[in-house]
Amino acid sequence: MDKIKAKLQQIKENNLYRQIKYLNKPQDKYTTINNKKVLLMSSNNYLGICNNEEVKKSAIESINKYGLGSGGSRLTTGSYDLHKKLEEKIAKFKGYEDAIIFNTGYMANIGVISAICDEDYYIFSDELNHASIIDGCRLSKGKTIVYKHNDIKDLTNKINEINPKHGIIVTDSVFSMDGDICKLDEIVKIAKKHNLISIVDDAHATGVIGKTGRGSSEYFNIKPDITIGTLSKAIGSEGGFVCANSDIIDYLINKSRSFIFSTALSPAVIGASIKSFEIIENNPYLVKKLKENVEYLCKGLKNIGFDINRETPIIPILIGDEKKAIKISESLLEEGIHIPAIRYPTVKKGEAILRVTLMATHDFCDIDLVINSIKKLI
Ligand SMILES: Cc1ncc(COP(=O)(O)O)c(C=O)c1O
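Fair warning: this is a prediction, and the values are worked out from it, not measured in the lab. (Residues numbered from 1 in each chain as written. Predicted model: local features only at pLDDT ≥ 70, side-chain atom pairs only at ≥ 80, totals over all residues. Heavy atoms only, no water.)

Each pocket or cavity is described by its volume, and for the largest pocket that value is around 1,200 Å³. Looking at the largest pocket, it is lined by 35 residues, and the ones nearest its centre are Gln19, Lys21, His338, Pro340 and Ile342. For the lining of the largest pocket, the secondary-structure elements that each account for two or more residues are helix H13 (322–334) and strand S12 (341–342). Per-element tally for the lining of the largest pocket: the top contributor is H13, with four residues. Looking at the lining of the largest pocket residue by residue, the class counts come to 15 nonpolar, 13 polar and seven charged. The residue makeup of the lining of the largest pocket includes at least three contributed by each of domain 1 (2–40 + 284–377) and domain 2 (53–282). In this structure, the second largest pocket occupies an estimated 680 Å³ of space. Lining the second largest pocket are 24 residues, with Leu128, Pro345, Thr346, Val347 and Lys348 sitting closest to its centre. Of all elements in the fold, only helix H5 (131–139) and strand S10 (314–320) reach the threshold of two or more residues within the lining of the second largest pocket. Of all the elements, H5 adds the most residues to the lining of the second largest pocket, at four residues. The residue inventory of the lining of the second largest pocket, partitioned by class, reads 12 nonpolar, five polar and seven charged. Mapped onto the domain boundaries, the lining of the second largest pocket takes at least three residues apiece from domain 1 (2–40 + 284–377) and domain 2 (53–282). (1 Å grid on protein atoms, 1.4 Å probe; cavity = no way out; pocket = protein on both sides within 12 Å on 5 of 7 lines; lining within 4 Å. Points joined across faces, edges and corners; volume = space filled by probe spheres on them. Helix = DSSP H or I, 4+ residues; strand = E, 2+ residues; numbered from the N terminus. Nonpolar A, V, L, I, M, F, W, Y, C, P; charged D, E, K, R; others polar. Domains from an automatic or database assignment.)

Here we take up the site of the ligand. If you check the shell around the ligand, you find 14 residues, and the closest are Gly105, Asp201, His204, Thr230 and Lys233. At a separation of 2.9 Å, an oxygen atom of the ligand approaches a polar backbone atom of Tyr106. In this structure, an oxygen atom belonging to the ligand sits 2.6 Å away from a side-chain N or O atom of Thr230. In isolation the ligand exposes 390 Å². Once the protein is present, 84% of that is buried. Among the elements that take part in the shell around the ligand, helix H4 (residues 105–116) stands out by supplying three residues, more than any other. Within the shell around the ligand, the residues separate by chemical class into two nonpolar, nine polar and three charged. (Near = heavy atom within 4 Å. Polar contact = N/O pair within 3.5 Å; in protein donor to acceptor, adjacent residues only side chain to side chain. Areas by Shrake-Rupley, 256 points an atom, 1.4 Å probe, with all protein chains shown as cover.)

Quick look at a nonpolar patch on the surface now. Together, Leu8, Ile11 and Tyr17 line one region of the surface with nonpolar side chains, adding up to about 230 Å² of accessible area. Position of Tyr17 among the secondary structure elements: in the loop between helix H1 (2–13) and strand S1 (30–33). (Patch = residues over 30% accessible without salt bridge, like charges linked within 9 Å, V, L, I, M, F, W, Y side chains within 5 Å. Salt bridge = Lys/Arg side-chain N within 4 Å of Asp/Glu carboxyl O.)

All right, on to the sheet that holds S1 then. What the three strands build is an open sheet, ordered S1-S2-S11; its pairing is mixed. Two strands close off the open sheet at either side, each with one partner strand: S1 and strand S11 (337–338). Pairing geometry for strand S2 (residues 36–40) and S11, over two bridges, is parallel. Bridging from a neighbouring strand, Leu39 pairs with Ile337 of S11. (Pairing = 2+ DSSP bridges.)

In the numbering adopted here, UniProt assigns the feature "modified residue: N6-(pyridoxal phosphate)lysine" (unreviewed entry) to Lys233. For Lys233, the location among the structural elements is in the loop between strand S8 (226–230) and strand S9 (240–244). Judged by its relative accessible area of 16%, Lys233 falls in the buried class. Excluding residues that lie within four positions of it along the chain, Lys233 makes contacts with Asn44, Asn45, Tyr46, Ala203 and His204. (UniProt positions renumbered as here; feature names shortened; annotations may be inferred. Buried < 20%, exposed > 50% of the residue type's maximum accessible area, 1.4 Å probe, protein only. Contact = heavy atoms within 4.5 Å.)

Here it is, written out as structure tokens:
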């Protein structure tokens, strides 16, 4: 107990202490946090779908038809025909033969990597990959080799050095804190050349990049062996998914522990997610508006001295010092704008950022307000 207290104190002294903020309203462009109305510039609800009326109606209809809980894991009693319908929808949306749903994107990443990579596998992993990929590597029996962020030369050198018989290359497509995009075309080619399995995490790419929001495969016009994703961001729901050929999916159904040993998602979430995909397919202006907002914010930030070029709605403003980042974030909140300070261990020590995220529901006036407030405070 004393050790826990001491560690907590250390976290506080290092300006790394975190507290939960409670929202009182849905995550539209305005919400309330701790009962204060704020302009929300920090949600991963990129297309503004999570409070959509049709999506909510679909969740309610699914509850009325199937009940709330799924009552079992996917391999016992937890799979409804609705789960299958969503899996077929995701496979088609992403252009793959097959797909399965996990309960979260986190569980999908740990479940896939640990199921595939046994003792004779090498895992080549980008240094800025999401924590769930890192944890998947730790859970697996494979040997993890971390390559420098987005550095194809370093990746190639490391593969050549080892010349592995079995292995995977795994990367975020859109990096969750930096908002930059991996070099998927080169990665897939290298993987093919060395007979490695290519795995991409499309958590922040699905509904976001590619002309119609289908993610990294559409953006690069190339398909990795496995695309993992989450329903919790642009899809506005929750759950994770894996797209691959039917042999890989069949293997995961049989071997992936986070798929097998957890109660399946509620029909409410599944029904809502199906509707979300339909909305993205039928309303291409959402993806287009999000892109316009990204361009507008990057241009505005450039005008005030921040040279940040991004094609994704994740815009990191580097502050560095943790205390300073917290102070700016708190001042923004006082002005009614929510932009969190992201600190270690989510980013490196001394490299705290303000992580701005855009939604398709923001307009240029909202973005102007943010730019002016940042200019004033930094
Ligand atoms: C890149 C990336 N992968 C996976 C996840 C996990 O997804 P989920 O929130 O559905 O567990 C996240 C974020 O939460 C993420 O940013």
